[in-house]
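Architecture and fold: a report
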Amino acid sequence: MAEPFIRLRGVRKVYGEHLAISDATFDVMPGELVSLVGPSGCGKSTLLKVLAGLHSHDGGEVHIGSATHPFDPARDVGMVFQAPLLLKWRRVLQNVLLPAEILGLPSKESNDRARHLLQLVGLAGNEDKYPYELSGGMQQRAAIARALVHDPKLVLMDEPFGALDALTREKMNLELLRIWREAGKTIIFVTHGISEAVFLGTRVVVLTAGPARMADNFEVELPRPRTLDIKTHERFGEYTRRIYRLLGME
């Protein structure tokens, strides 16, 4: 049986006198797409920053990778935020290449990979456009390609579709599942959308209102590849109601 790629045990994070995370304990297996769901301000983004190596933790244990496959956050993490954060003076291809340039990766291989990723996310033919020439959904696709260009082991997504309209968001959910399936990456996806968490995740981790404490951690046993029709599935409704109850919304 495969070993967990990420192992969290009693992780705690404090800012001054503010306890942001009180107890986070769960595993993530290689290649999983784990949805991290909870109310706004519950510590989801803080937990992502701990996993990305941007913040230290003040208690508990965080293990990523293994002795035979060591993990370097500077090299092995790709991040996608709620806003695409594309540099407006750089063309789409140049934006996607930014992590590879920062890491000093070979230019030809990186350029080839960037073009392949733009094709993967449905942006082939837009390489020379500027961000303002793309729709919001297209900009976020470019941001996903940028997060993958240096071939990271872990992709962290912090409410990446939160600013999109409902129809575009559903389309991006489908696109993300396709990209995840084809790229084969381990993804942790933060959202406060309960339906979105269930639809995307191989597993859902539920955090209570801050300070973050894990209230549940369950596998989503729904057919794949998933289509929007799955939202009418009886078990889909059971999963969403389970989360609503945990968050005191039912």
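The structure reproduced in this document is the subject of the present report. Here the structure is a predicted model, which means the values were calculated and not measured. (Residues numbered from 1 in each chain as written. Predicted model: local features only at pLDDT ≥ 70, side-chain atom pairs only at ≥ 80, totals over all residues. Heavy atoms only, no water.)

**A word on the environment of leucine 118**
- Tracing the backbone shows leucine 118 in helix 4 (residues 107-120).
- Judged by its relative accessible area of 0%, leucine 118 is buried.
- Here the alpha-carbon distance between leucine 118 and isoleucine 144, two residues 26 residues apart in the chain, equals 9.2 Å.
- Once residues lying within four places of it in the same chain are set aside, the contact partners of leucine 118 are Val92, Leu93, Val96, Leu123, Ala124, Glu127 and Ala145. (Helix = DSSP H or I, 4+ residues; strand = E, 2+ residues; numbered from the N terminus. Buried < 20%, exposed > 50% of the residue type's maximum accessible area, 1.4 Å probe, protein only. Contact = heavy atoms within 4.5 Å.)

**Considerations on the pairing of strand 2 (residues 18-28)**
- Pairing between strand 1 (residues 6-15) and strand 2: seven bridges, direction antiparallel. Paired with arginine 7 across the bridge in strand 2 is aspartate 27.
- Hairpin connection between strand 1 and strand 2: a loop of two residues separates the two successive antiparallel strands, and glycine 16 in this loop has a positive phi of roughly 60°. (Pairing = 2+ DSSP bridges.)

**Side note on the nonpolar core**
- If you look at the biggest cluster of nonpolar residues, it comprises 47 residues, and the most contacted ones within it are Ile144, Met157, Ile187, Phe189 and Ile243.
- Take this core: its biggest share by element is six residues, from helix 5 (residues 136-148).
- Ranked by size, the runner-up nonpolar core spans 27 residues in total, among them Ala24, Phe26, Val77 and Val205. (Core = buried A, V, L, I, M, F, W, Y, C linked by side-chain atoms within 4.5 Å.)

**Examining helix 3 (residues 92-103)**
- Turning to helix 3, its buried residues number three or more, namely Val92, Leu93, Asn95, Val96, Leu97, Pro99 and Ala100.
- Where helix 3 is buried, its residues contact helix 4 and helix 5.
- One or two positions beyond helix 3, positive phi appears at glycine 104, with a value near 70°.

**Some details on the pattern of salt bridges**
- What the rule picks out here adds up to 16 salt bridges.
- For arginine 203, the salt bridge is made with glutamate 32, and the minimal N-O distance between the two is 3.2 Å. Separated by 171 residues along the polypeptide, arginine 203 in strand 8 (residues 203-207) and glutamate 32 in the loop between strand 2 and strand 3 (33-37) bring together distant segments of the chain. Neither arginine 203 nor glutamate 32 differs from the other in exposure class; each is buried.
- Note that arginine 203 and glutamate 219 form a salt bridge whose closest N and O atoms lie 3.8 Å from each other. On the criterion of sequence distance, the pair formed by arginine 203 in strand 8 and glutamate 219 in strand 9 (residues 212-219) is long-range, its members being 16 residues apart. (Salt bridge = Lys/Arg side-chain N within 4 Å of Asp/Glu carboxyl O.)

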